[in-house]
Amino acid sequence: MPGLLAAVDRFNDAHPWDHNAHYHRWLLEQLPARVDRALDVGCGTGDLVRALAERAAEVVGVDADPRVVDLARAATGRCPGVSFRVADAAEDLPEGPFDVVTCVAVLHHLPFAPALERMRDRLAPGGTLLVLGVHEPSQFTDHLLGAAAVPANLAMGWARGRRPRPEAMTARTAPAAMTLPEIARVAGRILPGVRLRRHLFWRHSLLWRAEG
């Protein structure tokens, strides 16, 4: 088994693809067709920000890494209504209100409850908070989906072929520390009625709409 896992890691290194960007289309499908203001927390190189700009009058992307924010600005160029800021999402989010707040594969880097509360508090009435996150596997369903994701992951990498690692995948990573039941319990307290969903490729989502 260790030899097999090492072989899979070598294959993934040679055929990298962005598991988070894979879900951008699904994330956008959960959001209103037109909004005034949107905030992407932990924006990385700005792929989701640029997608949000097609339906929002103003989009703000924040990330704690100045190098990544510079890359996002360079990739975006002059795009009306789009701005990027270097900010610590745990302490310093832009003032709201925002009609949409997104957060992709960042929340597990932060103090979970305070960060989720801060994002909730930036929402306008009727606004949407959408999180794509990772969690520590703890249940049979987690391990079943994880096993199913391995061949699918290899197929996706093979289809894309050998290539350098995309800039969007060069940010620091951290292992998930919370299980899905723990996330559900804390998120349910902070976001009453939140919808939690498991996804393939070791991801889950939290979808919550503020009262209008």
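Residues numbered from 1 in each chain as written. Predicted model: local features only at pLDDT ≥ 70, side-chain atom pairs only at ≥ 80, totals over all residues. Heavy atoms only, no water.

Undergrad: Explain the overall build of the protein here, please?
TA: Summing up its helical and strand segments, the protein has 7 helices and 7 strands in all. Along its sequence from the N terminus, the protein presents helices and strands in the succession α-α-β-α-β-α-β-β-α-β-α-α-β-β. Relative to its full complement of 212 residues, the protein shows a buried share of 47%. Here the protein displays about 10900 Å² of accessible surface, and carbon together with sulfur accounts for 55% of that area. (Helix = DSSP H or I, 4+ residues; strand = E, 2+ residues; numbered from the N terminus. Buried < 20%, exposed > 50% of the residue type's maximum accessible area, 1.4 Å probe, protein only. Areas by Shrake-Rupley, 256 points an atom, 1.4 Å probe, with all protein chains shown as cover.)

Undergrad: How do you make sense of the sheet that holds strand β4 (residues 98-104) when you look at a structure like this?
TA: Within a sheet, adjacent strands bond to each other through the backbone by hydrogen bonds, running parallel or antiparallel. Taken in spatial order, the 7 strands make up an open sheet running β3-β2-β1-β4-β5-β7-β6, and their pairing is mixed. Each edge of the open sheet is held by one strand with a lone partner, namely β3 (82-86) and β6 (195-199). Recorded for the sheet is a direction-independent mean angle of 15 degrees between the axes of neighbouring strands. Bridging between β6 and strand β7 (residues 203-209) involves 5 bridges; their strand directions are antiparallel. (Pairing = 2+ DSSP bridges. Axes fitted to C-alpha atoms, helices over the stretch in contact; angles between N-to-C directions.)

Undergrad: Before we go on, may I ask you to explain helix α5 (residues 112-121) in this structure?
TA: Listed in full, the buried residues belonging to α5 are Phe 112, Ala 113, Ala 115, Leu 116 and Met 119. For α5, the angular spread of the buried residues around the axis is 165 degrees, confining them to a single face. Taken together, the buried residues of α5 touch β1 (35-41), β4, β5 (123-133), α7 (180-190) and β7. (Arc of directions from axis to C-beta. Contact = heavy atoms within 4.5 Å.)

Undergrad: Whenever I open this one, the environment of Ala 124 confuses me. Can you help?
TA: By the element assignment, Ala 124 lies in strand β5. For the pair Ala 124 and Arg 209, spaced 85 residues apart in sequence, the C-alpha to C-alpha distance is 9.7 Å.

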